[in-house]
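# Structural overview for review
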Amino acid sequence: MNTYIAIDIGASSGRLIISSINEENKIMMEEIHRFKNGFSKKGRYDCWEIDYLIQEILVGLEKVKNRGITSCHVGIDTWAVDYCLVNNSGERIGEPISYRDSRTNNAVTNLSKKISLEKLYEKTGVQIQPFNTIFQLFVEERQVLDQADKLLLIPDYLGYVFTGKMVTEKTNASTMQLLNANTKHWDADLLKLIGVTENLFPPLVDAGTILGQMQKDKFPEFDLPDATFVSVASHDTASAVLGTPGESSNWAYISSGTWSLLGVETNVINVHQDAFLANYTNEWGAHNSIRFLKNIMGMWLIQEVARSQNYTHSYPELADLASQAVPYQQFIDVNDGRFLNPVNMIEEIQEYCKITNQIVPKTAGEIARCIYDNLALCYALELEKLTKLSGTDQKIKRLHIVGGGSNNQFLNQLTANLTGTIVEAGPSEATAIGNIVMQMIASEEVTDIPAARKLIKNSFEFTVHKPERNDETILEKYKQFIEEV
Ligand SMILES: Nc1ncnc2c1ncn2[C@@H]1O[C@H](COP(=O)(O)OP(=O)(O)O)[C@@H](O)[C@H]1O
Ligand SMILES: C[C@H](O)[C@H](O)[C@@H](O)C(=O)COP(=O)(O)O
Ligand SMILES: [Mg+2]
């Protein structure tokens, strides 16, 4: 029986989870280490604390060894698009810049002078988001790029730190908007447009590739287990979808964390005009699947409210306060760019309500209610669009909400009511589960993804929320607001 360690690092937190399959053929999981994640200003840029993350991973792996586990498999998944640059001595150049940094504020406009956004979408199938790697590289400082030998996406960089091996794992590489959706390889025209060559990127590998052994002697101050690193579906959302126990067809997911990623798993790329106009993306999933999804601002909104309030209220308390507040007092477009990285989220939301002549939320409960109401309304609007775009003439039968946000039963029920769809909430650690099952498939303890999903279904608890009667007109009023705002 193998032991697997999932290292899942989202934008707000990271965790190490020990897992194995027990004698009842169920996946056993235990969180052995958790740590905060976030970015801070370093000079001109908002940067991730990558050395801190490496230390936290080592602390977590030492806890694994202290548990008596001397040998294990390890997989790392993280958020998308961001990267580290490494010089030809294999040393990191500077700090990884966060996708929320303002350096790309004008990048889409400027790059669109060289290639139309429609053409860019047709080539890549990827949503137009200013933080995509293509736009980050377009504005990257030239003298920095000139020193760079290799670009490593965050999970690939972390795998390199621990094994010395450099790869570019495909699920996360698809978020860069530099891979051609048809050839499945780097798009030479796009690389030329941003002034880089294919040599900048280590070889593309499929999720499930064995990366190599951890180089323990690089970390003499830590007592570490022997570890075989697997390059899992290293985009955390790809692992989240893999860890979602959807059955048969006509199911959709919301990977609900810092972002809410609402989508379906399919095997065909959709780059039609209506998908482009709705800004849906075709990110690559494990085993040649496609994650056709929409980025929705997600729990970032409430995370930033909590931070502005110096964490006076926990997330469960904020959900409870919201449930006691008057519903639907104001509409906000949660995906408005002003909410991507404001100085103060509370003030940003209040300003938005003022300039749209709406009631301004003031108390923690009113602000949380405004956020959760409008997330659920956005989910309902996007699920309608998704159903039309994904060509399934049948309604989505079941909406799986996974990730930390799936713990918010208030929001889960609100979502069921507004979408009119059965919501199945959990597992909250679906990302780590997807990370783990990919390792199990790579070590041949599990045969394939259908078998893995059966195992997941039999191993974890889920909460089902059936739609309850709600105000039928509110969604129509919201749609009108979003069209006009
Ligand atoms: N018990 C809870 N009640 C309400 N919200 C919760 C609860 N637990 C977690 N959350 C929400 O989940 C979010 C974290 O989700 P997670 O998937 O860990 O994020 P990420 O992977 O992006 O760091 C928190 O910001 C919070 O909004
Ligand atoms: C910037 C990307 O859209 C973002 O990373 C998203 O794809 C993602 O991975 C969200 O993961 P979280 O766990 O940080 O919500
Ligand atoms: Mg996450």
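This write-up is about the structure you can find in this document. (Residues numbered from 1 in each chain as written. Chains lettered and ligands numbered in written order. Predicted model: local features only at pLDDT ≥ 70, side-chain atom pairs only at ≥ 80, totals over all residues. Heavy atoms only, no water.)

Attention now moves to the overall build of the chain. When helices and strands are counted, the chain shows 18 helices and 20 strands. Its C-alpha radius of gyration of 22 Å places the chain within 12% of the 23 Å reference for a compact globule of 485 residues. Taking as baseline every contact in the chain between residues at least 6 positions apart, the subset at least 24 positions apart corresponds to 73%. About 19,200 Å² of surface is accessible on the chain, with carbon and sulfur atoms providing 49% of the total. Positive and negative side-chain charges in the chain, numbering 44 and 61 respectively, have mean positions lying 3 Å apart. (Helix = DSSP H or I, 4+ residues; strand = E, 2+ residues; numbered from the N terminus. Rg over C-alpha atoms; globule rule 2.2 N^0.38 Å. Contact = heavy atoms within 4.5 Å. Areas by Shrake-Rupley, 256 points an atom, 1.4 Å probe, with all protein chains shown as cover. Lys, Arg positive; Asp, Glu negative; His and termini not counted. Charge placed at Lys NZ, Arg CZ, Asp CG, Glu CD.)

What describes two packed helices is the angle between their axes and the distance between those same axes. As a packed pair, helix α14 (residues 364–389) and helix α18 (residues 474–484) sit with axes 10 Å apart at the nearest point and diverge in direction by 85°. With respect to each other, α14 and α18 are oriented roughly perpendicular. Across from N374, L377, C378, A380, L381 and E384 in α14, the residues of α18 making contact are I474, L475, Y478, K479 and I482. Residues belonging to the contact of α14 with α18 are distributed by class as follows: eight nonpolar, one polar and two charged. (Axes fitted to C-alpha atoms, helices over the stretch in contact; angles between N-to-C directions. Parallel < 35°, antiparallel > 145°, perpendicular 65-115°, else oblique. Nonpolar A, V, L, I, M, F, W, Y, C, P; charged D, E, K, R; others polar.)

Our focus in this paragraph is the pattern of salt bridges. Counted by the stated rule, this structure contains 28 salt bridges. For E31, the salt bridge goes to R34, with nearest N and O atoms at 3.1 Å. Its relative accessible area of 36% is what places E31 among the partly exposed residues. Given the relative accessible area of 40%, R34 is considered partly exposed. Measuring nitrogen to oxygen at the nearest pair gives 2.6 Å for the salt bridge that ties R307 to E304. One end of the pair is R307 and the other is E304, both in helix α11 (residues 300–308) and three residues apart, which spans about a single turn. The exposure class of R307 is partly exposed, given its relative accessible area of 39%. In the salt-bridge network here, residues are joined through shared partners; they are D8, R15, E31, R34 and E429. (Salt bridge = Lys/Arg side-chain N within 4 Å of Asp/Glu carboxyl O. Buried < 20%, exposed > 50% of the residue type's maximum accessible area, 1.4 Å probe, protein only.)

In short, geometric facts, not functional conclusions.
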